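So the chains spell out like this:
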Amino acid sequence: MPQDHELFSTSPADPDTTGAWERMLSATHLPWSVAPPAQGFRATARRAWIDDLALVDCTCSPCSGRRSRRQIAGTDGEFVVVLMTLAGRETVGQDATERCLRPGDAVTWDSTRPATFTVWERLVKRSLVIPRAALEEVDGRSLSRGAAVLDGSRPATRLLVSYLGTLADTVAELDRGAVRAARNATLELVAGALRSDTGLPGTDAVRPALRARMDRWIDRHLPAGVSPREIAAAHGVSVRTVHRVYSADGRSVGEVVRVRRLARARTELADTDRPVSAIAHRWGFSDTSHFSRSFKAAYGTSPSAWRERARDTQVQGPVTTVQGPGDGGGETGVTRDHRPRGGHHGPS
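Residues numbered from 1 in each chain as written. Predicted model: local features only at pLDDT ≥ 70, side-chain atom pairs only at ≥ 80, totals over all residues. Heavy atoms only, no water.

Colleague: Describe the nonpolar core, naming the residues involved and giving the relevant values.
Modeller: If you look at the biggest cluster of nonpolar residues, it comprises 31 residues, and the most contacted ones within it are Ile218, Ile231, Tyr246 and Phe291. Among the secondary structure elements, those contributing two or more residues to this core are helix H7 (209–221), helix H8 (228–235), helix H9 (239–246), helix H10 (253–271), helix H11 (276–282), helix H12 (288–299) and helix H13 (303–310). The element best represented in this core is H10, accounting for eight residues. Apart from residues no more than four positions distant in its own chain, Ile218 is found in contact with Val226, Ile231, Tyr246, Val257 and Arg260. (Core = buried A, V, L, I, M, F, W, Y, C linked by side-chain atoms within 4.5 Å. Buried < 20%, exposed > 50% of the residue type's maximum accessible area, 1.4 Å probe, protein only. Helix = DSSP H or I, 4+ residues; strand = E, 2+ residues; numbered from the N terminus. Contact = heavy atoms within 4.5 Å.)

Written out as structure tokens, the structure reads:
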């Protein structure tokens, strides 16, 4: 179903500019602590959901902030964020990596580690907030820890940046099926850019044709029992070979199968009215409580709550929300608006 964009903004007339900016930034980019910005500070953000991925376009005046232990503890779930600079200049730091970003540059940062940012001049940026469980669906586990610089001159990075620009312009017009397809394509492009720009070997180098055939076999047989012994028998190799093929990216066969089962169950929850218990059984979980625990650990919400959100016009995600003056929450300083589908409301 087509989705609306969410718009957030602050104003120089806000009585508490620091608080308003911190609430807005935390709502759209996970919790941050910000330093008091200069007089006349202004910021706007537009957020659109690509299923469980949040695509955020933000414009802001010079400012700075950090994610410390308090903000990390206050984050519900684990995320990888891809940050792309469209205009202006910003320094982003995490671990031993500090990068001054100019237009065309991109980095990733990890929600589980401290981070800092400093905006030196009026900035226009685009951020993609990805639940770590979603990136693991495309074998991105080994790519999603810590900060990484994405070289804007590399073809994989240019393709990702260009694709997200097109997606930002069109996501409001996509139906639910198209949004899901866009979400899966986004994850593949992010994983490809990370492999290319971090110097890690690509899929073909790590897992030869045998791994690809095993993956396809697992996908076809997920509703039934899938074990290393069955995979080995189907491909004429030893169980030890199966484990060796899958351990190349740091995951066991069981972990790969679990991630794929959860992803299939997640799709079925959104697309059908089958009881949660029936879906759990179909995708190989011994009981509903085990399925619910596994699902919440992966996606940050229960199967029933995910089903309700997936059927809303706007698919919600685990990112914190902000209440504006008219939302009944009592907070001031952040204006939130919902625009109808079809228009393009980028940063101004």
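From this point, the narrative continues.
Colleague: Any details on the packing of H8 against H9? Residues and values, ideally.
Modeller: At their nearest, the axes of H8 and H9 sit 8 Å apart, and the two run at 105° to each other. For the element pair H8 / H9, the angle class is roughly perpendicular. For the pair H8 and H9, the contacting residues are Pro228, Arg229, Ile231 and Ala232 in the first and Val239, Val242 and His243 in the second. Here the contact of H8 with H9 is composed, by residue class, of five nonpolar, one polar and one charged. (Axes fitted to C-alpha atoms, helices over the stretch in contact; angles between N-to-C directions. Parallel < 35°, antiparallel > 145°, perpendicular 65-115°, else oblique. Nonpolar A, V, L, I, M, F, W, Y, C, P; charged D, E, K, R; others polar.)

Colleague: Would you mind going over the packing of aromatic side chains in detail, with residue names and values included?
Modeller: In the structure shown here, the tally under the stated rule is six aromatic pairs. For the pair Phe291 and Phe295, a centre-to-centre distance of 5.7 Å together with 55° between the ring planes defines the contact as tilted. Here Phe295 and Phe291 lie together in helix H12, a separation of four residues that amounts to about one turn. Three or more aromatic residues joined by ring pairs form one cluster here, namely Phe285, Phe291, Phe295 and Tyr299. Across the ring face of Phe117, the terminal group of Lys125 is positioned such that the distance to the ring centre comes to 5.8 Å. (Phe/Tyr/Trp six-rings, centres within 6.5 Å; stacked < 30°, edge-to-face > 60°. Lys NZ or Arg CZ within 6 Å of the ring centre and 35° of its normal.)

Colleague: Any details on helix H1 (residues 17–29)? Residues and values, ideally.
Modeller: Under the 1.5 Å per step criterion, the end-to-end length of H1 is 18 Å for 13 residues, consistent within 8% with the ideal 18 Å. Most of H1 is tucked away: ten of the 13 residues are buried. All of the buried residues in H1 are Thr17, Gly19, Ala20, Trp21, Met24, Leu25, Ser26, Ala27, Thr28 and His29. Leu30 sits one or two residues past H1 and shows a positive phi near 75°. (Expected span 1.5 Å × (residues − 1).)

Colleague: Describe unusual backbone geometry, with residues and values.
Modeller: At Leu30, a residue that is not glycine, the phi angle is positive and equals roughly 75°. Secondary-structure assignment places Leu30 in the loop between H1 and strand S2 (33–34). Note on Leu30: relative accessible area 3%, which makes it buried. The phi torsion at Asp51 lies on the positive side, around 60°, for a residue other than glycine. For Asp51, the location among the structural elements is in the loop between strand S3 (43–50) and strand S4 (53–60). A relative accessible area of 7% means that Asp51 is categorised as buried.

Colleague: Could you give an account of the side chain of Thr157, naming the residues involved and the relevant values?
Modeller: Mapped onto the elements, Thr157 comes out in helix H4 (residues 155–170). By relative accessible area, Thr157 is classed as buried at 1%. Within polar-contact distance, the side chain of Thr157 engages the backbone oxygen of Asp151 at 3.1 Å. (Polar contact = N/O pair within 3.5 Å; in protein donor to acceptor, adjacent residues only side chain to side chain.)

Colleague: An account of the side chain of Glu6 is needed here, citing residue identities and associated values.
Modeller: Note on placement: Glu6 falls in strand S1 (residues 5–9). Only 2.8 Å separates the side chain of Glu6 from the side chain of Arg47, close enough to count as a polar contact. A distance of 3.3 Å separates polar atoms of two side chains, one belonging to Glu6 and the other to Trp49.

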